[in-house]
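Fold and geometry: a report
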Amino acid sequence: MRTQVAIIGAGPSGLLLGQLLHKAGIDAIIVERQSGDYVLGRIRAGVLEQVTMDLLDEAGVGQRMHAEGLVHGGFDMLFKGERHRIDLNRLTGGKNVMVYGQTEVTHDLMDARQAAGLTTIYEANQVSVHDYDSAKPRVRYEKNGQTHEIECDFIAGCDGFHGVCRASVPKRAITEFEKIYPFGWLGMLSDTPPVHHELIYANSTRGFALCSQRSHTRSRYYLQVPMTDKVENWSDAAFWDELRLRLDPAAREQLVTGPALEKSIAPLRSFVAEPMRFGQMFLAGDAAHIVPPTGAKGLNLAATDVKYLSSAIIEHYQDKSEAGINHYSARCLRRIWRAERFSWWFTSLMHNFPENGPIGQKLQEAELDYIVNSDVGARSVAENYVGLPLNFGE
Ligand code: RFL
Ligand code: PHB
């Protein structure tokens, strides 16, 4: 088999890249380890920045998002038992975010790919990348007991944190920066109306909680839990009881409980790999970086990497220019480090760190008090939360 771009991974990064390249008449094959249903079953992100909405529109898959997604112009910060609204729209001169699940984004991209008759190889085993330092890179995989090979011009490593592309790069060619937090997020999805029409980020002495949503009838809640906790030991009732204890009296009153559709524990990590280009192979999305989910930045960063990568590849074929390709890594990393900083800061502000003792809690509360009562403080949070423009710093 031969293609122009071999994309490893059919998560949002790989699928969006495939779609943007297709729009520009560039041929790509996607190779994915899991089945399509498995990819759709992973409940992850829920908040899209304006730049991500624009990219989904550019890829021609924005219709359902605009029809069904929920535009949010603010969110609440809860601490010391009281809620304070961050007015994103006012503080950023009219910007909003969109609440629309990653599952739905993935679904829309998969449907578009199928409608265009493009090739995705699901359930590919033993995927490996070869000769990416040469002009003739190759991807090999096994399917139904047979070995297949794809010859290509470029390899796009969109294969997430545990993928094969970054792992194939020799240690001396890559620098990895990592921080692992001493807790995780226990997430629960349920068909109950959200406790509030906007998101609530809660700092409490019992630990962080987040009240999010997928629609007017579907809620997504998260609790900070020790990484030693096992999801099977958290009954639905225990989840709801603990959530209630971390909320303010009004929210507690409003909370509607019901059976969990999904429950899982995700670790929290800050991670960046530098650089993101190795010859003819590029890393994009979670393959190159991870942020703790507090700032809702992971999927949005993945989308902007993909925008820069698709532009670079399109420039290569259409304008015979290598400028975008040469600039790819530096362009992505500047934006990534800004999002890493915000996600780390917001995580540090909102979670309970027992090792910091009672003074740690008091200092967080003082900082939160400053943020919600100072236009400058609130503006700084708002500006980072709605995200940077695509051409930031250029
Ligand atoms: P993905 O989604 O991990 O997809 C990678 C794909 O590659 C496949 N793969 C392979 N395929 C072939 N060969 C191999 N050897 C392979 N190894 C792996 C995998 O099966 C998979 O299908 O990475 P991608 O596409 O870069 O997308 C990144 C996003 O998924 C991620 O950043 C977000 O989900 C992060 N995130 C959030 N981001 C936001 O922008 N806003 C949010 O509100 C938000 N909330 C979250 C989140 C992530 C969470 N978890 C569980 C980590 C909330 C949570 C709880
Ligand atoms: C979600 O709805 O899954 C979600 C929302 C906001 C975050 C993280 C996750 O910061």
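Structural data are supplied above this passage.
The present account deals with the structure reproduced in this document. (Residues numbered from 1 in each chain as written. Chains lettered and ligands numbered in written order. Predicted model: local features only at pLDDT ≥ 70, side-chain atom pairs only at ≥ 80, totals over all residues. Heavy atoms only, no water.)

1. Some details on unusual backbone geometry
Both trends apply: most residues other than glycine have a negative phi, and most peptide bonds are in trans. Convention followed: Numbering of helices and strands runs from the N terminus, with a helix taken as a DSSP run of H or I at least four residues long and a strand as a DSSP run of E at least two residues long. Working definition: with a 1.4 Å probe on protein chains only, accessible area under 20% of the residue-type maximum means buried, over 50% means exposed, and in between means partly exposed.
Cis rather than trans, the peptide bond between E274 and P275 has omega equal to -5°. Mapped onto the fold, P275 is located in the loop between β17 (260-274) and β18 (277-278). Positive phi outside glycine occurs at D131, with the angle close to 55°. Along the chain, D131 falls in the loop between β9 (125-130) and β10 (138-143). Residue classification places D131 among the partly exposed positions, given a relative accessible area of 39%.

2. Topic: the sheet that holds β10
Defined as follows: What makes two strands pair is DSSP finding at least two bridges between them. Axes, fitted as lines to C-alpha atoms, cover a helix only where it is in contact. Angles between the N-to-C directions of the axes lie from 0 to 180 degrees.
Strand order in this open sheet of three strands is β9-β10-β11, and the pairing throughout is antiparallel. For this open sheet the edge positions go to β9 and β11 (146-151), each flanked by a neighbour on one side alone. Sheet twist, expressed as the mean angle between neighbouring strand axes with direction ignored, is 15°.

3. Notes on the site of ligand 1
Test applied: Near is defined per residue: the residue qualifies when any heavy atom it owns lies within 4 Å of the molecule or strand. Whenever a nitrogen or oxygen atom comes within 3.5 Å of another N or O atom, the pair is scored as a polar contact, on the condition that within protein one atom can donate a hydrogen and the other can accept it, and that pairs from neighbouring residues in sequence are kept only if both atoms are in side chains. For accessible areas, the Shrake-Rupley method is used with a probe of radius 1.4 Å. Any residue's cover is judged against the shown protein chains and nothing else. Under the scheme applied here, ten amino acids are nonpolar (Ala, Val, Leu, Ile, Met, Phe, Trp, Tyr, Cys and Pro), four are charged (Asp, Glu, Lys and Arg), and all others, including Gly, are polar.
Near ligand 1 there are 32 residues, and of these S13, E32, Q102, D286 and L299 occur at the shortest range. Residue R33 places a main-chain N or O atom 3.2 Å away from a nitrogen atom belonging to ligand 1. Between an oxygen atom of ligand 1 and a side-chain N or O atom of R42, the distance comes to 2.7 Å. Calculation on ligand 1 without its partners gives an accessible area of 1000 Å², and the protein chains cover 90% of this total. Where the shell around ligand 1 is concerned, the elements lending two or more residues are α1 (12-23) and α10 (298-318). Of the residues forming the shell around ligand 1, the biggest block, three residues, is contributed by α10. Here the shell around ligand 1 is built from residues that sort into 14 nonpolar, 11 polar and seven charged.

4. Points about the site of ligand 2
Around ligand 2 sit 14 residues, and of these Y201, S212, R214, Y222 and P293 come closest. At a separation of 2.7 Å, an oxygen atom of ligand 2 approaches a polar side-chain atom of Y201. A distance of 2.6 Å is found between an oxygen atom of ligand 2 and a side-chain nitrogen or oxygen belonging to Y222. In isolation ligand 2 exposes 280 Å². Once the protein is present, 97% of that is buried. For the shell around ligand 2, the elements supplying multiple residues, two or more each, are β15 (209-213) and β16 (219-226). Residues belonging to the shell around ligand 2 are distributed by class as follows: eight nonpolar, three polar and three charged.

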